[in-house]
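Spelled out, the chains give:
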Amino acid sequence: MLRAGKMNEIAEEILKYKFDLVALQEVRWKGQGRIDKSNYSLLYSGPEQRTGMFGTGFIVAKKLRGALMEFEALNERMCRVCLKGKFRNVSVLSVHAPTNEKNIAEKEVFYEQLEEVCAEISKYDQLIFMGDFNAQIGKESYLQQVAGKYTLHEKTNENGFLLGQFTIRNDMQIRSTQFPHKSIHLGTWKSPDATTINQIDHVIVDSRNASSIIDVRSCRGPNCDSDHFIVKVVVRQRLSMLAGKQKVVPIRWDVEKLKSERVRSEYLRLIQAKTLSSSEADGVEEVWTKLANGLKEAANEAIGQKRWKRNEGWYDNECREAIREKNEARSRMIQRETRRNYEDYKEKRRIANRTCRTKKREALNKQLEEIESLYKQNETKKFYRAMERINKEYRPRIISCKDKRGRVLNGEDNIMERWAEHFRELLTVTDINEENVHEGTGEPLSIEAEFVAGPTLEETEMAVKHLKNGKAGGQDNILAEMIKYGGDDTVKRIHELISMIWRDETMPQDWNIGQAE
């Protein structure tokens, strides 16, 4: 997935064939993280340093996000997701074992790590291993009990022997060799010279839940220029989709238009017309609602919202068309493996890769031209923001935190409980200074309201003047620029509202809610 556009290509192939969960090997990205797109989520685990090797991960379809409970990045050769099941949870591991040519010590370390993972997972979970085990399973009698008889190979190689021993020790089944299929649907890897096909990618499940895997076979249609075929696993399992909280999408007001004198005048006129005056019977909530609605209605008519398209990038229809032609050439090559079809596929693959690289390079050049234009126009803030965006390294989304003992917590529920515990300890007063305790009752002393003067109009004007531009809005979607360009009447109404809050000691509900982007 280091190639330009490869993530988009793989994801579109997966969505095209309607896979719900896909275990990936050889991701070749460094670090760990999560990328959420509109139709899928990518979770990956790789080496700490960029080596261009190894790396595992998962692609989760949008409809399965509600069942995703936890992602654990173990190392560059394995990672795990936990799905919420209706009767039992499902732990799925994406695994990439050392090749058969590696020394036995490295292989033993790998299987020791698998043993540790098995020991840590709840015994009530359904456990599934999917990945490239580099293991050929033969038809020897001692493997019949865990591997069945529908395997592509007659003899077991060293990796196959280690895998067989692992499954026997942990009471598991190799389900990928237990279903009768044609040989073309058993092979999972094809050598570069197209002369050798092996079955080295496998699906392992705990024996108690082996019957939930109702079919395993290779699919030759999906293509991402890999020498492996995708292995399709049909699982009989009812998942429980967790109801996620509906995220409130913030309004992106086009406040840059307020720099125009004409737009500012129109905005001020609309505020004066739409901001209703408060009556004596109105409480804090009513006053704030009238003020907020007036500001937002005026902004909607005067400046409008920014046009924003999710996931807009360089991967466009031209890239998709080149990849489509490449996949059609591959289908012809699979049906008739002639030299002409093979050369045609190679040429179409070169064109597709070149198209993606060119598009990515053009997008980078366009960004550089925009940065140069901002510099010439003396748009200092936009210039430095664009420079930061193009220079900083990609920072993946990592959902984890540490508990008191320093152990990493991955589940969203566990993380929320840890944050609640942290703030509970932080904000709870455990000891009270004796100097601040009432002598008679022992209660903490309070500051009486009459000893502190209320806020003045001048203080409110100064606070509004010092508001910083370019900051995100809160739950109410009101930006600093909307207040600063609202004129003297807006400042007076804000001062009246703050005075009411000071006097009544109550705040609007919107002010009690924080929002993070």
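The coordinates are above.
Okay, so let's go over this structure. (Residues numbered from 1 in each chain as written. Predicted model: local features only at pLDDT ≥ 70, side-chain atom pairs only at ≥ 80, totals over all residues. Heavy atoms only, no water.)

1. Observations regarding the overall build of the chain
Cut-off, in case you're wondering: Comment: elements are numbered from the N terminus, with helices defined as DSSP H or I runs of at least four residues and strands as E runs of at least two. The classification of residues rests on relative accessible area computed with a 1.4 Å probe and restricted to protein chains. Under 20% of the type maximum is buried, over 50% is exposed, and intermediate values are partly exposed. Two residues qualify as a contact provided that any one of their heavy atoms is within 4.5 Å of a heavy atom in the partner residue. In this description, accessible areas are obtained by the Shrake-Rupley approach with a 1.4 Å probe, and a residue is regarded as covered only by the protein chains that are shown.
A count of helices and strands for the chain gives 13 helices and 16 strands. The burial tally for the chain puts 39% of its 517 residues in the buried class. A fraction of 65% describes how many contacts in the chain between residues 6 or more apart in sequence connect residues 24 or more apart. On the chain, roughly 31700 Å² of surface is accessible, and the fraction owed to carbon and sulfur atoms is 49%.

2. Examining helix H7 (residues 317-335)
Turn by turn, an α-helix covers 3.6 residues, leaving residues three or four places apart pointing in a common direction. Cut-off, in case you're wondering: One less than the residue count of a helix, multiplied by 1.5 Å, gives the span that helix is expected to have. Taking the helix axis as origin, the arc is that swept by the directions to the C-beta atoms. In protein, a polar contact means a hydrogen-donor-capable atom and an acceptor-capable atom, both N or O and within 3.5 Å, with residues adjacent in sequence counting only if both atoms are side-chain atoms; elsewhere, any N or O pair within 3.5 Å suffices.
With 19 residues, H7 should reach 27 Å at 1.5 Å per residue; the first-to-last C-alpha distance of 27 Å fits that figure. Every buried residue of H7 is listed here: Cys-319, Ala-322, Ile-323, Lys-326, Asn-327, Ala-329, Arg-330, Met-333 and Ile-334. Burial along H7 is one-sided: seen end-on, the buried residues are contained in an arc of 160°. More than 90 degrees from the buried face of H7, the exposed residues found are Asn-317 and Gln-335. On its buried face, H7 sits against helix H1 (6-16) and helix H8 (339-376). Two to three positions downstream of the cap, the backbone nitrogen of Glu-318 sits 3.3 Å from a side-chain oxygen, assigning the N-cap of H7 to Asp-316.

3. Re a negative patch on the surface
Put simply, the rule is: Each patch is assembled from residues with relative accessible area greater than 30% and no salt bridge, linking like charges that lie within 9 Å and nonpolar side chains (Val, Leu, Ile, Met, Phe, Trp, Tyr) that lie within 5 Å. A side-chain nitrogen of Lys or Arg and a carboxyl oxygen of Asp or Glu constitute a salt bridge if their distance falls within 4 Å. In summary, the charge assignment counts Lys and Arg as positive and Asp and Glu as negative, without counting His or the chain termini. Taken as the charge centre is NZ of Lys, CZ of Arg, CG of Asp or CD of Glu, depending on the residue.
Taken together, the side chains of Glu-458, Glu-459, Glu-461, Asp-488 and Asp-489 make up a negatively charged region of the molecular surface. Every element with two or more residues in the negative patch is listed here: helix H11 (457-465) and helix H13 (487-504). Considering every element that reaches the negative patch, the biggest residue donor is H11, with three residues. Here Glu-459 lies in helix H11. For Glu-459, a relative accessible area of 48% puts it in the partly exposed group.

4. Describing the packing of aromatic side chains
As a reminder, the rule being used: Each aromatic pair joins two rings of Phe, Tyr and Trp (for Trp, the six-membered one) with centres within 6.5 Å, and gets the label stacked for planes under 30 degrees apart, edge-to-face for over 60, and tilted for any other angle.
Throughout the structure, instances matching the rule amount to ten aromatic pairs. Relative to Phe-166, the ring of Phe-129 has its centre 5.9 Å away and its plane inclined at 90°; by these criteria the two rings are edge-to-face. You can see Phe-129 sitting in strand S8 (residues 126-132) and its partner Phe-166 sitting in helix H4 (residues 158-169), a full 37 residues away along the chain. Residue classification places Phe-129 among the buried positions, given a relative accessible area of 0%. Overall, the relative accessible area of 1% leaves Phe-166 in the buried class. Feature note: the residues Phe-110, Tyr-111, Phe-129 and Phe-166 constitute an aromatic cluster, connected by ring pairs.

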